[in-house]
Amino acid sequence: MSMFGQVYVKNNQYKIKGDFHHLTPCTPIRNADDGWKLMGVTNPREMTYMHSYGGEAIFFESLSQGKLMATKCENPKCESKGSIYQPFRIFCPDCLGKMAVMDMTKLAKEKATIHTFMVCERSGAFNILDKPIKFINIEFDGVCTILMSYLSKGDPEIGMRVVPIFQTLNPTYTILDLSWVPAGTKASALPQGFTF
Amino acid sequence: MIKFSKQQLKVPKLMRPVYLVTAGQSKFDRAIPDKRTEELCVDALTMAAEMLNLTPAELKQYIHTCYYGHFADHFGDQLLGEAVIHDRLGLDPLGNIGVKTGGATGGSTLWEAVKTVASGYSDCVLAMGWERMDEVPTDEGNFLISCAADKDWESPLGHIYTGYYAVMAQKYWQVFGKAEDSFRRTLAEISVKHHGYARFNPFAQGPMKITVDDVLKSPVVAYPLRALDACLMSVGAACAIICDEATAIKLTKNTKNKPLRIWVSAGSHTLRPADRRDMEIPLLPNETPDQYKNMEKEFPGSARYPGFTGFLGARMAAWYAYRMTGIVDPTKDLDVIELHDAFTISDVQTYEDIGLRPYGHGRDYVESGDCYHTNPKTGKPGKLPSNLSGGLIGCMHAVGATGIMQTFEIATHIWNRWAEMHGDEKLWKKFNRKKPADWTDLQVKGAKRALAISHAGVGSHVTATILMDPDHLLKKDA
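Residues numbered from 1 in each chain as written. Chains lettered and ligands numbered in written order. Predicted model: local features only at pLDDT ≥ 70, side-chain atom pairs only at ≥ 80, totals over all residues. Heavy atoms only, no water.

K.L.:
Now, about the overall build of chain B: what can you tell me, with residues and values included?
P.N.:
The helix and strand tally for chain B stands at 19 helices and 11 strands. Taking 23 Å as the expected radius of gyration for a compact globule of 478 residues, we find that chain B reaches 21 Å, a close match to that expectation. Dimensions of chain B along its principal axes, counting C-alpha atoms only, are 60 × 50 × 50 Å. Evaluated residue by residue, chain B yields a buried proportion of 64% over its 478 residues. (Helix = DSSP H or I, 4+ residues; strand = E, 2+ residues; numbered from the N terminus. Rg over C-alpha atoms; globule rule 2.2 N^0.38 Å. Buried < 20%, exposed > 50% of the residue type's maximum accessible area, 1.4 Å probe, protein only.)

Have a look at this one:
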């Protein structure tokens, strides 16, 4: 019986278990307008990748714990010293110094507004969010960049105050574990698995 | 805050003049199941040779190095596709390299080819681009395209690139468009224009006779963008031959192609719009330092630059290109342009980034009628016609070929061969397409200078390709 591919790291090496690919036969593509002559073949393939979050792992782990982590340049010689980055980035884009990790959950709960948004009626293959997806870009007081995420309740408007919610029950350990709702939304109204 | 050093703002200088001598392209379509990619590339190279009255074998004798633009290996499911094409074109054992910069791949391929000739390494270079986007259904195609966004931070959000553009469309519409219905209609007019011009282009995949209301009623993809606001997903190839002066003169002797001077510049900006930081607007030669002082007052919410409303990469490509070639006012100095209309909104954003209009006023380029071959308001020639090919919305977006297709298009105007290359009945028949009864010659009369903008992602890479008739340069030592 097949089993989803699973991975852990030991001695800085991937240890894998289960099936990482599945074999499905090729089938011919034929021309209905020309005597069903051969035009090509299908090439089915299902694979599982192993992807490292590296220095960003703490960000994704923290989402599952209800925390929003950012980074801050603390290099006294950097012209951008004190700048806070969300999206979390490991190195300062100016001095390339490794930045300090900081918890900005409180700031996000108090000072987050919608910079812009869009409502997505269609998606590409492998999308797992319910449609329409309400993409929002969020600006925070004191943060020099603008985070992209999605709104789980209500209708977005530019300037609207929003608060973060986190998928702490059965987290996916992806960016989808972070979502937002309008400020004032009650805990009982949150999507399943999400908490403030 | 992004600040530039003096070294970073050096105006690029080619070490010797570089010329475009010919170009060619295949048919473009959503799917071309009866041809392999190499067949499309051979079609493009054969057309380039025929424009010089040569056989492909004769033209190949001049080629010294090759640059291949092919963006998405995962679409074609073939790594090192460049080596396949190079072999099938019979160009081994010449040096070749693949170029990948998303939607700007075609422009970047030309950038490399031009520098190779300018440096003296080669006297004749092939720049060939293609894309094969028909090996997967459209929704999987959208997934594969979304892989060009940040895989951890953006792609999981819907796996739909249109969405990453739409947030900019929303911001632009609300800040510069002031959420006016008239602005939304202007966006729709761009789609009408580009699908309409595609009707006169036998290579084009998306010819349509439609109205503004048709665009506004088309299905929403990512509000406020609708299906007819978006570019096409395509298959096809295009190529260009780039030479030094002596080779250019030899290859074009007794042909209809005059060697055209070519320059390409490039700019970039963050892959994730989320990472954009505030900065001062880098000014183009037709802008003044105090021009944007009151922008926030005129357009509340526009204080951040480039924010989500401009493309810094496009601004920088124009910044370098105009200074390199002596362009001061692009609307006056240029005769025809092709822009990277991935979406109607990004077309408007680009008008401002490349200085056709000041920031906030891009819509006027359309509303004035300047962007048309014939200004619908005056009946006279448009001041600076754009995307007469149909652009990415009406003609194609076979990613690696797009920037080269644009260059083919603008070159045919300067060669005064547009009607020949688009009106020939044989070409329409060869592509199994019907030439419309109202086919119109879109040749821009007397065109001497032209520009093509090639653009990737939400502005991660942008190139500006400039062509000029060598007898109509703007700067002697360019």
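Additional details are given in the paragraphs that follow.
K.L.:
Tell me about the layout of surface pockets, and name the residues and values.
P.N.:
Residues and elements named next belong to chain B. Roughly 900 Å³ of internal volume is contained in the second largest pocket. Forming the walls of the second largest pocket are 43 residues, and the residues nearest its centre are Asn142, Ile145, Cys231, Leu232 and Met233. Every element with two or more residues in the lining of the second largest pocket is listed here: helix H3 (73-76), helix H6 (138-146) and helix H7 (161-175). By residue number, the principal contributor to the lining of the second largest pocket is H6, which donates four residues. Considering only residue class, the lining of the second largest pocket consists of 25 nonpolar, 15 polar and three charged. (1 Å grid on protein atoms, 1.4 Å probe; cavity = no way out; pocket = protein on both sides within 12 Å on 5 of 7 lines; lining within 4 Å. Points joined across faces, edges and corners; volume = space filled by probe spheres on them. Nonpolar A, V, L, I, M, F, W, Y, C, P; charged D, E, K, R; others polar.)

K.L.:
Give a detailed account of the environment of B:Leu89, specifying residues and quantitative values.
P.N.:
All names here are of chain B. Of note, Leu89 is situated in the loop between helix H4 (81-88) and strand E3 (95-99). Using a relative accessible area of 5% as the deciding quantity, one classes Leu89 as buried. Distance from Leu89 to Lys217, taken between C-alpha atoms, is 45 Å for residues 128 residues apart in sequence.

K.L.:
For the pairing of strand E4 (residues 28-31) of chain A, give the residues involved together with the corresponding values.
P.N.:
On any regular strand, side chains alternate: one points to one face of the sheet, the next to the other face. Residues and elements named next belong to chain A. Pairing between E4 and strand E5 (residues 37-41): four bridges, direction antiparallel. Residue pairing across strands places Pro28 opposite Val41, the latter belonging to E5. Here E4 hands over to E5 after five residues, with Gly35 in that stretch at a positive phi of 60 degrees. (Pairing = 2+ DSSP bridges.)

K.L.:
Provide a residue-level description of helix H17 (residues 399-414) of chain B, including the pertinent values.
P.N.:
Residues and elements named next belong to chain B. The end-to-end C-alpha distance of H17 is 24 Å, a good match for the 22 Å that 16 residues give at a rise of 1.5 Å each. When you tally the buried positions in H17, you get 16 out of 16 residues, the bulk of the element. Count one or two residues on from H17 and you reach Asn416, which has phi positive near 60 degrees. (Expected span 1.5 Å × (residues − 1).)

K.L.:
Residue-level account of a nonpolar patch on the surface, with values.
P.N.:
Residues and elements named next belong to chain A. Together, Val7, Val9, Tyr14, Ile16 and Met50 make up an exposed nonpolar region whose accessible area comes to about 440 Å². For the nonpolar patch, the secondary-structure elements that each account for two or more residues are strand E1 (6-10) and strand E2 (13-17). Topologically, Val7 is positioned in strand E1. For Val7, a relative accessible area of 36% puts it in the partly exposed group. (Patch = residues over 30% accessible without salt bridge, like charges linked within 9 Å, V, L, I, M, F, W, Y side chains within 5 Å. Areas by Shrake-Rupley, 256 points an atom, 1.4 Å probe, with all protein chains shown as cover. Salt bridge = Lys/Arg side-chain N within 4 Å of Asp/Glu carboxyl O.)

K.L.:
Break down the packing of aromatic side chains for me, with residues and values.
P.N.:
Counted under the stated rule, the structure contains 23 aromatic pairs over all chains. Three or more aromatic residues link up through ring pairs in this structure, and these residues are A:Phe135, B:Tyr161, B:Tyr164, B:Tyr165, B:Phe311 and B:Phe343. When the ring centre of B:Tyr19 is taken as origin, the NZ or CZ atom of B:Arg261, which lies over that ring, is 5.9 Å away. For B:Lys435, the ring lying beneath its charged end belongs to B:Trp439, and the centroid distance is 4.6 Å. (Phe/Tyr/Trp six-rings, centres within 6.5 Å; stacked < 30°, edge-to-face > 60°. Lys NZ or Arg CZ within 6 Å of the ring centre and 35° of its normal.)

K.L.:
Give me the lowdown on the packing of helix H1 (residues 37-50) of chain B against H4(B), citing residues and values where you can.
P.N.:
For any two helices packed against each other, one specifies the inter-axial angle together with the distance between the axes. Residue and element names in this part refer to chain B. Interaxial distance between H1 and H4 falls to 10 Å at its minimum, and their mutual angle equals 55 degrees. In terms of axis orientation, H1 runs oblique to H4. Crossing geometry of H1 relative to H4 is assigned as right-handed. For the pair H1 and H4, the contacting residues are Thr37, Glu38 and Cys41 in the first and Val84, Ile85 and Arg88 in the second. Class assignment of the residues belonging to the contact of H1 with H4 gives a composition of three nonpolar, one polar and two charged. (Axes fitted to C-alpha atoms, helices over the stretch in contact; angles between N-to-C directions. Parallel < 35°, antiparallel > 145°, perpendicular 65-115°, else oblique. Left-handed = near helix turned anticlockwise from the far one by under 90°. Contact = heavy atoms within 4.5 Å.)

K.L.:
Any details on the interface of chain A and chain B? Residues and values, ideally.
P.N.:
Quite often, the size of an interface is put as the accessible area lost when its parts meet. Across the boundary between the two partners, chain A contributes 43 residues, which contact 36 residues of chain B. Across the chain A to chain B interface the summed buried area is about 3,600 Å²; carbon plus sulfur atoms make up 62%. Contact with chain B buries area across many residues of chain A, yet A:Arg122, A:Ala125 and A:Met148 alone supply 15% of it, more than any other trio. Run the count over chain A and chain B and you get three salt bridges. Among the salt bridges present, the one from A:Arg89 reaches B:Asp275, with a minimum N-O distance of 3.7 Å. For the pair chain A and chain B, the number of links is 16 residue pairs in polar contact (both at pLDDT 80 or more). (Buried area = accessible area lost by both parts, 1.4 Å probe. Polar contact = N/O pair within 3.5 Å; in protein donor to acceptor, adjacent residues only side chain to side chain.)

K.L.:
Explain the sheet that holds strand E7 (residues 69-72) of chain A to me, using residue names and the numbers behind them.
P.N.:
Residues and elements named next belong to chain A. Judged by pairing direction, the sheet is antiparallel, and its three strands sit side by side in the order E8-E7-E9 without closing on themselves. Either end of the sheet is taken by a strand with one partner, and the two such strands are strand E8 (84-85) and strand E9 (100-103). Judged from the four bridges that link them, E7 and E9 form a sheet pairing that is antiparallel. Looking at E9, one finds that Ala70 is bridged to Met102.

K.L.:
Pulling in residues and values, what's your account of the sheet that holds strand E10 (residues 449-455) of chain B?
P.N.:
All names here are of chain B. One open sheet holds the nine strands; their spatial order is E3-E2-E4-E7-E1-E8-E11-E10-E9, and the pairing between them is mixed. Two strands bound the open sheet, and with one partner strand each, they are E3 and strand E9 (336-338). Pairwise comparison of adjacent strand axes, ignoring direction, gives a mean angle of 25 degrees for this sheet. By the bridge criterion, two bridges tie strand E1 (residues 19-25) to strand E8 (residues 260-268) in an arrangement that is antiparallel. The residue bridging Tyr19 from the neighbouring strand is Arg261, located in E8. Here helix H5 (residues 105-119) sits on the sheet in contact with strand E2 (65-69), E3, strand E4 (124-132), strand E7 (235-243), E8, E10 and strand E11 (461-468), set at roughly 165 degrees to E2. Set on the sheet, helix H12 (residues 312-325) makes contact with E8, E10 and E11; between it and E8 the angle comes to about 145 degrees.

K.L.:
Give me the lowdown on the environment of B:Gly362, citing residues and values where you can.
P.N.:
Residues and elements named next belong to chain B. Its place among the elements puts Gly362 in the loop between helix H14 (344-353) and helix H15 (363-367). In this structure Gly362 comes out as buried when scored by relative accessible area, which is 0%. When the C-alpha positions of Gly362 and Gly267 are compared, they lie 20 Å apart, and in sequence the two are 95 residues distant. When neighbours within four sequence positions are excluded, Gly362 is seen to be in contact with Tyr172, Val348, Tyr351, Glu352 and Arg357.

K.L.:
Tell me what's going on with the nonpolar core, and back it up with residues and numbers.
P.N.:
By size, the foremost hydrophobic cluster in this structure holds 158 residues, and its most contacted members are A:Trp180 and B:Ile242. Counting residues in hydrophobic clusters, the runner-up holds 28 residues, among them B:Tyr19, B:Cys41, B:Trp130 and B:Ala237. (Core = buried A, V, L, I, M, F, W, Y, C linked by side-chain atoms within 4.5 Å.)

K.L.:
Let's hear about the pairing of E2(A): which residues, and what values?
P.N.:
Residues and elements named next belong to chain A. When E1 meets E2, the two strands line up antiparallel, connected through five bridges. Paired with Val7 across the bridge in E2 is Ile16. In textbook terms, the turn of a hairpin is the stretch between consecutive antiparallel strands, and for E1 and E2 this stretch comprises two residues, one of which, Asn11, has a positive phi near 55 degrees.

K.L.:
Tell me about unusual backbone geometry, and please be specific about residues and values.
P.N.:
Residues and elements named next belong to chain A. Note the cis peptide between Lys131 and Pro132, where omega equals 0 degrees. On the secondary structure map, Pro132 appears in the loop between strand E10 (112-120) and strand E11 (133-140). A positive phi angle is found at Phe126, which is not glycine, with a value near 75 degrees. Inspection of the secondary structure puts Phe126 in the loop between E10 and E11. The class of Phe126 is exposed, set by a relative accessible area of 57%.

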